[in-house]
Number of protein chains: 2
Amino acid sequence: MKEAYLLMRDAGLKLTPRRQAIIAMFSDSRVQLSPQEVQERLKCQFIRCGLPGVYRNLEALADCGVLFRVVGFGRERSYALCCCSQRDGVHHHHHVICISCGLVGQVESCAYQEGVVIEGFRVVSHVLQLRGICASCSSRETEASG
Amino acid sequence: MKEAYLLMRDAGLKLTPRRQAIIAMFSDSRVQLSPQEVQERLKCQFIRCGLPGVYRNLEALADCGVLFRVVGFGRERSYALCCCSQRDGVHHHHHVICISCGLVGQVESCAYQEGVVIEGFRVVSHVLQLRGICASCSSRETEASG
DNA sequence: TTATAAATGGAAACTATTTCTGTTTATCCT
DNA sequence: AGGATAAACAGAAATAGTTTCCATTTATAA
Ligand SMILES: [Mn+2]
Ligand SMILES: [Mn+2]
Ligand SMILES: [Zn+2]
Ligand SMILES: [Zn+2]
């Protein structure tokens, strides 16, 4: 949380009530959220809250590393909290999201760093995102069925 | 090419002139194409050609494995020819696209097969797509600069 | 406190995608 | 070859996600 504010400050972003609320929202329930969902939830705290502002804020927070953009095929955008402290030296990483509780994990190992040659192609960039079951959800499953 | 028709037949898709043209288009220039771009190119051969039909065909061809869906962040869809013969036993694989010539390569090695545990998460599904420079584009680059 | 650039809401524009409907056509079966 | 049938088709219109624009407010630093 503190971390997020530092990232914002580094990027020259102001700390507005709207942004505090958005960050708190993503921290509380660690799931991916679409702009519409974010607006929906903001309306509990702010009577008026325009979608354009939500879009702007989500993009700004993704730009400075507080959120990351969830990739997919289709039209809807989606964001989630980047679990990783990127302030001291950004390192290459990806995310795995628990489909049960929404926990976001950091995937450090990546075979596709820039420059690596795979199947004859020199890799320039890549997209990787995982969905899975986290350790605690997994053990809860085992208990229930066993 | 023949391969594609068999995949379509397996899926119960009719072999229409529209679909033949779409497949030929993707085979000729091995780049990813948006529905709009596909329609644009179809207009050379067909006077009338509606976008809804293009959308339907691209989805149908992706469903049966002739094309694959290029992932990204945002609203625009994009497809490319799946290089891999999926008919005899579909195997897990991904794609790398040459950013210079559009060549699509098959990435066989994948550390994220279903069931694998990564950073404490049991992997259920994942998205992976690479962009790079293919061997021939790479050597052409070297020639030019050397 | 004051100056300033940034953030904001709302209306409206924009754009990608989907739905709907009536017509045409590929394919299968005589 | 001819007919039946489900699939494919175009085009118009609807839908939905996103962006632009502009006048007003506000966080931040001097
Ligand atoms: Mn990576
Ligand atoms: Mn894989
Ligand atoms: Zn979990
Ligand atoms: Zn190439």
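Everything numeric in this text was worked out from a predicted model, so none of it was measured.

Caption draft 1: Representation of the overall build of chain A within the structure. Within chain A one finds 5 helices and 6 strands. Ordered by position from N to C terminus, the α and β elements of chain A give α-α-α-α-β-β-β-β-β-β-α. Oriented by its inertia axes, the alpha-carbon framework of chain A measures out at about 50 × 45 × 30 Å. A total of 146 residues make up chain A; the buried ones form 43% of that total. Counting contacts in chain A only where the partners sit at least 6 residues apart, residues at least 24 apart contribute 44% of the total. With the model as given, the accessible surface of chain A reaches about 7,800 Å², and the carbon-plus-sulfur share is 51%.

Caption draft 2: Highlighting the protein's contact with DNA strand C. Surveying the vicinity of DNA strand C reveals 22 residues, the closest of which are Arg18 and Arg19 of chain A together with Tyr55, Arg75 and Arg77 of chain B. Near the protein, meaning within 4 Å, the atoms of DNA strand C are sugar or phosphate in a fraction of 72%, with bases accounting for the rest. Contacts to DNA strand C include leucine 15 of chain B, whose backbone N or O atom sits 2.8 Å from a phosphate oxygen. Element by element, the count of residues in the surface near DNA strand C is highest for helix H4 (residues 51-63) of chain A, at 3 residues.

Caption draft 3: Summary view of the domain arrangement of chain A. Residues and elements named next belong to chain A. Under the domain assignment, chain A is made up of domain 1 (1-86) and domain 2 (92-146). Its C-alpha centre places domain 1 at a distance of 22 Å from the equivalent point of domain 2. With 12 residues of domain 1 in contact, the opposing surface of domain 2 contributes 11 residues. Contact between domain 1 and domain 2 buries roughly 890 Å² in total, counting both sides, with carbon and sulfur atoms accounting for 68%.

Caption draft 4: Structural detail: the pairing of strand S4 (residues 104-107) of chain B. All names here are of chain B. Where burial is concerned, the two faces of S4 agree: the one with Val104 and Gln106 and the one with Gly105 and Val107 are both buried. Strand direction decides the pairing type here: strand S3 (residues 94-98) and S4, joined by 4 bridges, are antiparallel. Each bridged residue has a counterpart across the sheet, and for valine 96 the counterpart in S4 is glycine 105. Taken together, S3 and the strand that follows it, S4, pair antiparallel across an intervening segment of 5 residues, in which glycine 102 is found at a positive phi of about 85°.

Caption draft 5: Highlighting the coordination of the manganese ion (ligand 2). All names here are of chain B. For the manganese ion (ligand 2), the full set of protein donor atoms is His92 (NE2), His94 (NE2), Cys110 (SG) and His126 (NE2), and the range of their distances to it is 1.6 to 2.3 Å. Along the chain, the residues donating to the manganese ion (ligand 2) are arranged with the sequence spacing H-x1-H-x15-C-x15-H. In this pair, histidine 94 sits in strand S3 while cysteine 110 sits in the loop between S4 and strand S5 (117-118), placing the two residues 16 residues apart along the sequence. Under the relative-accessibility criterion, histidine 94 is labelled buried at 8%. For cysteine 110, a relative accessible area of 12% corresponds to the buried category.

Caption draft 6: Representation of the pattern of salt bridges within the structure. Enumeration according to the criterion identifies 4 salt bridges over all chains in this entry. Among the salt bridges present, the one from aspartate 63 of chain B reaches arginine 69 of chain B, with a minimum N-O distance of 2.7 Å. When its relative accessible area of 26% is taken as the criterion, arginine 69 of chain B is described as partly exposed. A single network of salt bridges, built from pairs that share partners, joins Glu59, Asp63 and Arg69 of chain A.

Caption draft 7: Summary view of the coordination of the zinc ion (ligand 4). Residues and elements named next belong to chain B. Donor atoms from the polypeptide that bind the zinc ion (ligand 4) are Cys98 (SG), Cys101 (SG), Cys134 (SG) and Cys137 (SG), placed at 2.2 to 2.5 Å. Around the zinc ion (ligand 4) sit 4 donor atoms; with metal-centred angles ranging over 102 to 119°, the donor geometry is tetrahedral. A relative accessible area of 37% places cysteine 101 in the partly exposed class.

Caption draft 8: Looking closely at helix H3 (residues 35-42) of chain B. All names here are of chain B. For H3, the set of buried residues is Pro35, Val38, Gln39 and Leu42. Down the axis of H3, the buried set is contained in an arc of 100°. They therefore lie on one face. As for H3, its buried residues are in contact with helix H2 (17-28), helix H4 (51-63) and strand S2 (79-81).

Caption draft 9: Broad picture of the protein's contact with DNA strand D. Neighbouring DNA strand D are 24 residues; Leu15, Tyr55 and Arg77 of chain A together with Arg18 and Arg19 of chain B lie closest to it. Tyrosine 55 of chain A places a polar side-chain atom, nitrogen or oxygen, 2.4 Å from a phosphate oxygen of DNA strand D. Mapped by element, the contributors of at least two residues to the surface near DNA strand D are helix H3 (35-42) and H4 of chain A together with H2 and H4 of chain B. Per-element accounting of the surface near DNA strand D gives the leading share, 4 residues, to H4 of chain A. Here the residues of the surface near DNA strand D sort into 9 nonpolar, 4 polar and 11 charged.

Conventions we followed
- Residues numbered from 1 in each chain as written.
- Chains lettered and ligands numbered in written order.
- Predicted model: local features only at pLDDT ≥ 70, side-chain atom pairs only at ≥ 80, totals over all residues.
- Heavy atoms only, no water.
- Helix = DSSP H or I, 4+ residues; strand = E, 2+ residues; numbered from the N terminus.
- Buried < 20%, exposed > 50% of the residue type's maximum accessible area, 1.4 Å probe, protein only.
- Contact = heavy atoms within 4.5 Å.
- Areas by Shrake-Rupley, 256 points an atom, 1.4 Å probe, with all protein chains shown as cover.
- Near = heavy atom within 4 Å.
- Polar contact = N/O pair within 3.5 Å; in protein donor to acceptor, adjacent residues only side chain to side chain.
- Domains from an automatic or database assignment.
- Buried area = accessible area lost by both parts, 1.4 Å probe.
- Pairing = 2+ DSSP bridges.
- Donors = N, O, S within 2.8 Å, 3.2 Å for Na, K, Ca; no water.
- Salt bridge = Lys/Arg side-chain N within 4 Å of Asp/Glu carboxyl O.
- Tetrahedral: all angles 85-135°; square planar, octahedral: opposite > 155°, others 65-115°.
- Arc of directions from axis to C-beta.
- Nonpolar A, V, L, I, M, F, W, Y, C, P; charged D, E, K, R; others polar.

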